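Commentary on secondary and tertiary structure
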Amino acid sequence: MSEEVVIKTNKLTKRFGDFVAVDEITFDVHKGEIFGFLGANGAGKTTAMRMLCGLSTPTSGEATVAGFDVFKEPEEIKKNIGYMSQKFSLYEDLSVLENIEFYGGIYGLTNKEIKEKSTELTEKLGLQNEAKKLVRSLPLGWKQKLSFLVAIVHQPKIVFLDEPTGGVDPYMRREFWDLIYDAADKGITIFVTTHYLDEAEYCNRVTIMVDGKIEALDSPGGLREKFGVATIDEVFYKLAREAKRSAD
Amino acid sequence: MKQLLSFVKKEFLQVLRDPKTLLMLFGLPVVQIVLFGFALTNELKNANIVVVDNAKDYASEQIINKIEGSKFFSVKKTLLTPSQINNAFKEGTIKLAVVFPANFYTDLLHLGTAPVQVIADASDPNTAVQLSGYITTIVADYQADLSKGSSVPYSIIPQVRMLYNPDLKGAPNFVPGVMAMVLLLVCVMMTSVSIVREKELGTMEILLVSPVKPLMVIVAKAIPYLILSLVNLAAILLLSVYALDLPIKGSLFLLVAESTLLIITALSLGLLISTITSSQQSAMFASMLGMMLPTMLLSGYMFPIENMPIVLQVISNIVPAKWYYIIVKAVMLKGLGFSYVWKETVILMGMTIFFLVIALRNFKIRLE
């Protein structure tokens, strides 16, 4: 992890009418870092992430992603990030290779690069035999892993993962995190939201959001020490107990 | 360019892999054309007609011989009263009746003109028009023969009556209507559903986060349907020319160009629907309600617009199919050129631009 800051926010806020979904959040993310975003459902994680991806315009505050301003240069940001949404985001009626080809294509990879990437990704996942099968026929865990690799097919500076492991069994989750570590080793910054608290332990630093605000931000060890507890679970429950907003 | 190509390829793969879409795209027009075509062509040989010869003279005999000689009719010669003819029509045992008045030949010789009555069952307008057309031709033929040897021009005036349906509602030539309906339905529904599906599946988010421009998403979505619709158009035209013997009288190029315009109108409307709906069902419903019903009811294809209440006549002006229907009838059936349909063309273009502008404004680059 370097000292280079790739995401910087200052009092970033999003309101929907009277409802403050994200309330003045301020933080920095460093290059190559695995930055975890924890919170109950409805705490504002997804909204915060969407603002950083350019999917949603912030109401107020400041933020830069990969050095570009979220208000003024969303198009530049889009070229430098990857994104994997909560919903499974590959085309089920296309084959593994066709998905890779499509996403490679829209991110402007050359045919040669796409070919290399296709071989690399299918080998990495051990999907050589399934490469021509429709994605629909793959088990969920494989789909999620493929989805992640496709999200970084264009070597983005930052990849945003919105609850990437939802519904995946613990073994697959472990494998998924191996892929995340791999990507981080290559210098890709990982910004990940999750509500699996054990996954927080895998992150370099963790943010806990409650009611749209950042209530804690530190390394997992630092948080445990600060709150005087043994696990992130307990830190989370201590903070979440004060939440007023009900989960949606 | 590379982006666009990847996108178009993906759209094509998705369309071609979806049996429902394919069925809709190619099954619908073929079924419609064949169904209508069957009804149109089936009855034309050996249609049952009666000839009521009140004259029983030289001229009427000659004409009746000609009619009997035609392969289209199976003729029964009787002396029915008007009310008996009426009953025969009601029972559906005859399609057409030819009535010669008494003194037919005498009138023709002395007055130089004589009427012959042709009554057709127009509840099936296609058949009625064709059959009465044949009779009229035969009569005209005989008149020409008769006039050849003499210096006096004779004229036999066929008085054609269309029973039950004097306006020939439904128009004999359904092909323009089917074309309008199929092109609109397919394009509007397919585009709106394919865009909304991306929203529903969550892949739209991914596209919005990617550097792909919204315009490119739209163009890439439209291209496959544009191409497939042109294939469809070719199929409809081939079927109508070769299976139904309905020739294209005007310029084929003009016809294809105008149809392409309609396809683009339909694609922009589909796009517009996709920007205001969020589920595939509602997109499909909106397309059905917004396209199918007005196209069927208000385009003039099934019911003549002139007979509608003023309110509906006014509303029919905003139905794209109405203008396309007028254009296609003019070009395909009447063989008219662009100078006759430029107004309708301009109206369609105006609609297209209107739909496109609103759709592009509504197409959200950001999710809210």
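Everything numeric in this text was worked out from a predicted model, so none of it was measured.

1. Description of the overall build of chain B
For chain B, the count of helices and strands is 14 helices and five strands. A total of 368 residues make up chain B; the buried ones form 39% of that total. Of the contacts made within chain B by residues no fewer than 6 positions apart, 81% connect residues no fewer than 24 positions apart.

2. Considerations on the sheet that holds strand 7 (residues 158-162) of chain A
All names here are of chain A. Spatially, six strands are ordered 6-7-8-3-9-10 in an open sheet, and the strand pairing comes out mixed. Of all strands in the sheet, those bounded by a partner on one side alone are strand 6 (81-84) and strand 10 (213-218). For this sheet, the mean inter-axis angle between neighbouring strands, taken without regard to orientation, is 15°. Bridge count between strand 9 (residues 205-210) and strand 10: five bridges; the pairing is antiparallel. Bridge pairing in strand 10 places V206 opposite D218. The sheet contacts of helix 6 (residues 170-185) involve strand 3 (34-39), strand 7 and strand 8 (189-194), and relative to strand 8 the element is tilted by about 150°. Strands in contact with helix 9 (residues 232-240) are strand 3, strand 9 and strand 10; relative to strand 9, the strand with the most contacts, it is inclined by about 25°.

3. A few points about helix 14 (residues 338-362) of chain B
Each turn of an α-helix holds 3.6 residues, which means side chains three or four residues apart point in the same direction. Residue and element names in this part refer to chain B. With 25 residues, helix 14 should reach 36 Å at 1.5 Å per residue; the first-to-last C-alpha distance of 34 Å fits that figure. Helix geometry: helix 14 is bent most strongly at E344, by close to 30°. All buried positions along helix 14 are accounted for by V341, L348, T352, F355 and A359.

4. Quick look at the interface of chain B and chain A
With 23 residues of chain B in contact, the opposing surface of chain A contributes 24 residues. The residue makeup of the side of chain B that touches chain A, split by class, is ten nonpolar, six polar and seven charged.

5. Side note on the packing of helix 7 (residues 175-201) of chain B against helix 9 (residues 214-243) of chain B
Residue and element names in this part refer to chain B. Orientation of helix 7 relative to helix 9, taken along the N-to-C sense of each, is 160°, at an axis distance of 10 Å. Relative to helix 9, helix 7 is oriented roughly antiparallel. Helix-helix and strand crossings are classified by hand; for helix 7 and helix 9 the assignment is right-handed. Contacts between helix 7 and helix 9 involve V175, V178, M179, V182, L183, V186, C187, M190, T191, S194 and I195 on the former and, on the latter, K221, A222, Y225, S229, N232, L233, I236 and S240. Per-class residue counts for the contact of helix 7 with helix 9 are 13 nonpolar, five polar and one charged.

6. Digging into the sheet that holds strand 5 (residues 68-69) of chain A
All names here are of chain A. Taken in spatial order, the four strands line up as 2-1-4-5 in an open sheet, and their pairing is antiparallel. Single-partner strands in this sheet number two, and they are strand 2 (19-30) and strand 5. The pairing of strand 1 (residues 5-16) with strand 2 spans eight bridges and is classified as antiparallel. Note on strand 2: the bridge partner recorded for F16 is F19.

7. Overview of unusual backbone geometry
Residues and elements named next belong to chain A. Positive phi, normally seen in glycine, also occurs at K11, with a value near 50°. With respect to the helices and strands, the residue K11 is situated in strand 1. Judged by the 13 C-beta atoms lying within 10 Å of it, K11 is partly exposed. Here the phi dihedral of A66 falls at roughly 55°; this positive angle occurs in a residue that is not glycine. Position of A66 relative to the elements: it lies in the loop between strand 4 (60-65) and strand 5.

8. Looking at the nonpolar core
If you look at the biggest cluster of nonpolar residues, it comprises 136 residues, and the most contacted ones within it are I190(A) and L183(B). At 17 residues, the largest contribution of residues to this core is made by helix 7 of chain B. Grouped together as the second largest cluster of nonpolar side chains are 30 residues, A47(B), L96(B), F104(B) and V116(B) included.

9. Things to note about the confidence of the model for chain A
Overall, the predicted model of chain A reaches an average pLDDT of 87, with 98% of residues at or above 70. Mean pLDDT across the elements of chain A ranges from a minimum in helix 9 of chain A, with 81, to a maximum in strand 5 of chain A, with 92.

10. Topic: the confidence of the model for chain B
Detailed conclusions should not be drawn from predicted coordinates in areas where pLDDT is low. Averaged over every residue, the pLDDT of chain B is 79; the share at 70 or more is 87%. Interface confidence for the predicted complex, expressed as ipTM, amounts to 0.81; the pTM equals 0.71.

11. Focus: the pairing of strand 3 (residues 96-100) of chain B
All names here are of chain B. Where burial is concerned, most of strand 3 is hidden: five out of the five residues are buried. Both faces of strand 3 are covered, namely the face carrying L96, V98 and F100 and the face carrying A97 and V99. Note that strand 1 (residues 47-53) and strand 3 share five bridges and pair parallel. Across the sheet, V52 pairs through a bridge with V99, a residue of strand 3. In this structure, strand 3 lies alongside strand 4 (residues 113-121), joined through four bridges in antiparallel fashion. What sits directly across from V99, in strand 4, is Q117.

12. What to know about the packing of helix 3 (residues 58-69) of chain B against helix 5 (residues 104-111) of chain B
A packed helix pair is summarised by two numbers, namely the angle formed by the two axes and the spacing between the axes. All names here are of chain B. For the pair helix 3 and helix 5, the least separation of the axes is 6 Å and the interaxial angle reads 110°. For the element pair helix 3 / helix 5, the angle class is roughly perpendicular. Every residue of helix 5 that contacts helix 3 at Y58, A59 and S60 is listed here: F104, Y105 and L108. In the contact of helix 3 with helix 5, the residues fall into five nonpolar, one polar and no charged.

13. Some words on the environment of T265(B)
All names here are of chain B. Topologically, T265 is positioned in helix 10 (residues 252-276). Overall, T265 belongs to the buried group, with 27 C-beta atoms counted inside 10 Å. In the structure, T265 is positioned 69 residues away from K334 in sequence and 24 Å away in space, judged by C-alpha atoms. Non-local contacts of T265, meaning those with residues more than four positions away in its chain, are made with P320, L348, M351, T352 and F355.

Rules and cut-offs
Residues numbered from 1 in each chain as written. Chains lettered and ligands numbered in written order. Predicted model: local features only at pLDDT ≥ 70, side-chain atom pairs only at ≥ 80, totals over all residues. Helix = DSSP H or I, 4+ residues; strand = E, 2+ residues; numbered from the N terminus. Buried ≥ 20, exposed ≤ 12 C-beta atoms within 10 Å, placed from the backbone. Contact = placed C-beta atoms within 7 Å. Pairing = 2+ DSSP bridges. Axes fitted to C-alpha atoms, helices over the stretch in contact; angles between N-to-C directions. Expected span 1.5 Å × (residues − 1). Bend = angle between axes of the 7 residues up to and from the residue. Nonpolar A, V, L, I, M, F, W, Y, C, P; charged D, E, K, R; others polar. Parallel < 35°, antiparallel > 145°, perpendicular 65-115°, else oblique. Left-handed = near helix turned anticlockwise from the far one by under 90°. Core = buried A, V, L, I, M, F, W, Y, C linked by C-beta atoms within 7 Å. pLDDT = per-residue confidence, 0-100.

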